[in-house]
Amino acid sequence: MKPAPFKLEQWFARYEFAVRLNMAASCAPATTVAEILALGGPGAREEYLRLNLDYIPSTGSERLREAVAGWYRRIGAGGVQVTTGASEAIFILMNVLLEPGDIIVVEDPVYQSLYAVAESIGVRVKKWPLRPENRFRPDVDELERLLGPGVRAVVVNHPHNPTGAMLSTEDQRRLVELADRFGFWLVSDEVYRGTVYDERDVLPPAADFGGRAVSIGDMTKPFGLGGLRIGWIASGDAGLLRRVRDFRDYTTMCSNAAGEFLAAIVLEHRDKVLESKTALARANLRMLSKFIAEHDGVLSWVPPAAGFTAFPRLYLNVDVESFSAGLAREESVLILPGTVFGVPDRFRLGFGMAERRFSDGLDALRRHLARVSP
Ligand SMILES: Cc1ncc(COP(=O)(O)O)c(C=O)c1O
């Protein structure tokens, strides 16, 4: 069976490059090659220009794997498999871990590939609801009721897209224990790692717990480097990584040398880059908070604890897809209707951008809300 059409990507394909302002994205503000080479210090530019663009090792270059491993406590370079974005990491992991007839439990709402790839393999997907009344945090007691024979994997994503919700460290420990007890893989999509707004919400990566916990990371979200197409799988299970590598021989074989070179520099200066990206987002979040308060009765939200997206609820008597299409048409500003996540009364609003642009986008949204309000 082929994977179902990717609703989010189809929305982007329609509008992303036609609008003047994209407030639908989930990434940090984009980073330029010049910024990265400046971070790399003297010699980085020359090294980049002399880079040989031949094939590179299928596992990822040693330098990049070391730099990724530096973000984990218990994973060394040997526990890192570089991939072409987290997209390839998800595709390969699902194919390697799952067989037709298996069951997986996945948070809902969630990024579509985290369940659609499994469905295309003939896997049954059980949804684990994230509820606004629980601040979109998963309820592990509820998960226990969904577990049973045939459950091969539980898939989580924190910081969460689209709500920005976190999982507590205590709940994460419970998930790891359940994975051991029930014998399922804990697949933890952590692509928004490094973007938490309150220190108390910071979560260790699942792979650091060892056993059946696998982490997925990328350069796209926290560092604004979607164009590099660099992601990874981190795991303490050498057998799993071998199977991943064997499968990758049929997908992309290896990543691109230029992307790996630039990604390694950014990870080697990780804290500095993250600090500048999240500082911008924090300022935008304050602006958004005022905006939502101003629109009491029309909008409500659960403020995101992390990431670069909020998922406000729209109370107007208009369907959220036409509302979003209207905003694109009238103001050339893009938001993402919640329908792509199966949530018909919310939309995703990205705030990973320069403050002036964000304020401009909120002005457009204000005008549009006034236009469609009764
Ligand atoms: C939760 C999640 N996982 C994975 C991805 C894929 O990211 P990429 O392939 O750019 O690394 C995305 C992109 O939006 C995402 O939101």
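Residues numbered from 1 in each chain as written. Predicted model: local features only at pLDDT ≥ 70, side-chain atom pairs only at ≥ 80, totals over all residues. Heavy atoms only, no water.

Some thoughts on the domain arrangement of the protein chain
No. 1: According to the domain assignment, the protein chain consists of domain 1 (7-32 + 272-372) and domain 2 (33-268).
No. 2: Taken together, the contact between domain 1 and domain 2 spans 34 residues of the former and 34 residues of the latter.
No. 3: Roughly 2,700 Å² of surface becomes buried between domain 1 and domain 2 when both sides are summed, with 58% attributable to carbon and sulfur atoms.
No. 4: Linking domain 1 with domain 2 are 0 salt bridges, by the criterion used here.
No. 5: Counting across the interface, domain 1 meets domain 2 through 17 residue pairs in polar contact (both at pLDDT 80 or more).
No. 6: Broken down by secondary-structure element, the contributors of at least two residues to the side of domain 1 that touches domain 2 are helix H1 (7-15), helix H12 (270-294) and strand S10 (309-310).
No. 7: The element that contributes the greatest number of residues to the side of domain 1 that touches domain 2 is H12, accounting for 8 residues. (Domains from an automatic or database assignment. Contact = heavy atoms within 4.5 Å. Buried area = accessible area lost by both parts, 1.4 Å probe. Salt bridge = Lys/Arg side-chain N within 4 Å of Asp/Glu carboxyl O. Polar contact = N/O pair within 3.5 Å; in protein donor to acceptor, adjacent residues only side chain to side chain. Helix = DSSP H or I, 4+ residues; strand = E, 2+ residues; numbered from the N terminus.)

Thoughts on the packing of aromatic side chains
No. 1: All chains considered together, the criterion is met by 10 aromatic pairs.
No. 2: For the ring pair Phe323 and Phe347, a centre distance of 6.1 Å and an interplane angle of 40 degrees mean the geometry is tilted. On the criterion of sequence distance, the pair formed by Phe323 in helix H13 (residues 320-331) and Phe347 in strand S14 (residues 347-350) is long-range, its members being 24 residues apart. With respect to class, Phe323 is no different from Phe347; both count as buried.
No. 3: Grouped by ring-pair contacts, the aromatic residues Trp71, Phe223 and Trp232 constitute a single cluster.
No. 4: When the ring centre of Tyr115 is taken as reference, the NZ or CZ atom of Lys127 above it lies at 4.4 Å.
No. 5: Across from the ring centre of Trp185, 4.9 Å away, lies the NZ or CZ of Arg212, which sits over that ring. (Phe/Tyr/Trp six-rings, centres within 6.5 Å; stacked < 30°, edge-to-face > 60°. Buried < 20%, exposed > 50% of the residue type's maximum accessible area, 1.4 Å probe, protein only. Lys NZ or Arg CZ within 6 Å of the ring centre and 35° of its normal.)

With respect to the sheet that holds S10
No. 1: Taken in spatial order, the 3 strands line up as S10-S14-S13 in an open sheet, and their pairing is antiparallel. Edge positions in the sheet fall to S10 and strand S13 (336-337), since each has one partner strand and no second.
No. 2: Judged from the 2 bridges that link them, S10 and S14 form a sheet pairing that is antiparallel. Bridge assignment links Ala310 to a residue of S14, and that residue is Leu349. (Pairing = 2+ DSSP bridges.)

Topic: the nonpolar core
No. 1: Grouped together as the largest cluster of nonpolar side chains are 51 residues, with contacts concentrated most on Leu93 and Ile104.
No. 2: Element by element, the count of residues in this core is highest for helix H5 (residues 85-97), at 8 residues.
No. 3: Each of domain 1 (7-32 + 272-372) and domain 2 (33-268) accounts for three or more of the residues forming this core.
No. 4: Setting aside its immediate chain neighbours within four residues, Ile104 contacts Leu98, Leu114, Ala118, Val123, Arg124, Val125, Lys126, Ala153 and Val155.
No. 5: Listed in part, the 30 residues of the second largest apolar core include Leu288, Ala310, Ile335 and Phe347. (Core = buried A, V, L, I, M, F, W, Y, C linked by side-chain atoms within 4.5 Å.)

Quick notes on the site of the ligand
No. 1: The ligand sits among 14 residues. The nearest are Ala86, Ser87, Asp189, Asp218 and Lys221.
No. 2: A distance of 2.7 Å is found between an oxygen atom of the ligand and a backbone nitrogen or oxygen belonging to Ala86.
No. 3: Within the side chain of Arg229, an N or O atom sits 2.8 Å from an oxygen atom of the ligand.
No. 4: Listed by contribution, the elements that provide at least two residues to the shell around the ligand are H5 and helix H9 (220-223).
No. 5: The leading source of residues in the shell around the ligand is H5, at 4 residues.
No. 6: Partitioning the shell around the ligand into residue classes produces 5 nonpolar, 5 polar and 4 charged. (Near = heavy atom within 4 Å. Nonpolar A, V, L, I, M, F, W, Y, C, P; charged D, E, K, R; others polar.)

Some thoughts on helix H4 (residues 62-69)
In an α-helix, one turn spans 3.6 residues, which is why side chains three or four residues apart end up on the same side.
No. 1: All buried positions along H4 are accounted for by Leu64, Arg65, Ala67, Val68 and Ala69.
No. 2: On its buried face, H4 sits against strand S2 (80-83), strand S8 (231-234) and helix H11 (257-268).

Section: the side chain of Arg248
No. 1: By the secondary structure assignment, Arg248 is in helix H10 (residues 238-248).
No. 2: One polar contact links the side chain of Arg248 to the main-chain carbonyl oxygen of Ser58, over a distance of 2.7 Å.
No. 3: A polar side-chain atom of Arg248 sits 3.3 Å from a polar atom in the side chain of Thr84.
No. 4: Ignoring sequence-local partners within four residues, the contact set of Arg248 consists of Ser58, Gln81, Val82, Thr83, Thr84, Glu88, Ile92, Met253, Cys254 and Ser255.

A short note on the pattern of salt bridges
No. 1: Tallied over the entire structure, the rule returns 19 salt bridges.
No. 2: Arg366 is paired through a salt bridge with Asp363; the nearest N and O atoms lie 2.7 Å apart. Pair noted here: Arg366 and Asp363 are both in helix H14 (residues 355-372), with a separation of 3 residues, about one helical turn.
No. 3: Residues joined in a network through salt bridges with shared partners are Glu47, Arg63 and Glu268.

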